[in-house]
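# Architecture at a glance
The primary structure of each chain is shown beneath.
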Amino acid sequence: MGKSLTFRCIFAGVAFCLLQTFGDLLVGSQLTLWIILSNILWGVIFAYLMFKLFKKNANAEGA
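Structural notes, computed from the coordinates. (Residues numbered from 1 in each chain as written. Predicted model: local features only at pLDDT ≥ 70, side-chain atom pairs only at ≥ 80, totals over all residues. Heavy atoms only, no water.)

Further remarks concern the state of the cysteines. The final tally for this structure, using the stated rule, is zero disulfides. As a non-bridged cysteine, C9 has C17 as the owner of its nearest cysteine sulfur, 16 Å distant. (Disulfide = S-S within 2.5 Å.)

What follows is the structure in structure tokens.
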């Protein structure tokens, strides 16, 4: 369970990062290094929060 949970959260973070990048392109902003880095940072934060949430739910169901 641990590996699949980790991979799902990483996938969710990458998807979140890509959605933000496509959103930036749709509104016509130039993709600068800082925008790309901030999208990656938000993707990492989202993946971490998803991991914590899923782990908490898995522990609650098992108890």
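Back to the write-up after that little detour.
Turning next to the packing of aromatic side chains. As enumerated under the stated definition, the model contains one aromatic pair in all. Judged by centre distance (4.5 Å) and plane angle (10 degrees), the rings of F16 and F46 are stacked. With F16 in helix α1 (residues 2-26) and F46 in helix α2 (residues 33-62), this pair connects stretches of sequence that are 30 residues apart. Looking at F16, the relative accessible area reads 29%, which means it is partly exposed. Of note, R8 hangs over the ring of F54, and the distance from its end group to the ring centre comes to 5.6 Å. (Phe/Tyr/Trp six-rings, centres within 6.5 Å; stacked < 30°, edge-to-face > 60°. Helix = DSSP H or I, 4+ residues; strand = E, 2+ residues; numbered from the N terminus. Buried < 20%, exposed > 50% of the residue type's maximum accessible area, 1.4 Å probe, protein only. Lys NZ or Arg CZ within 6 Å of the ring centre and 35° of its normal.)

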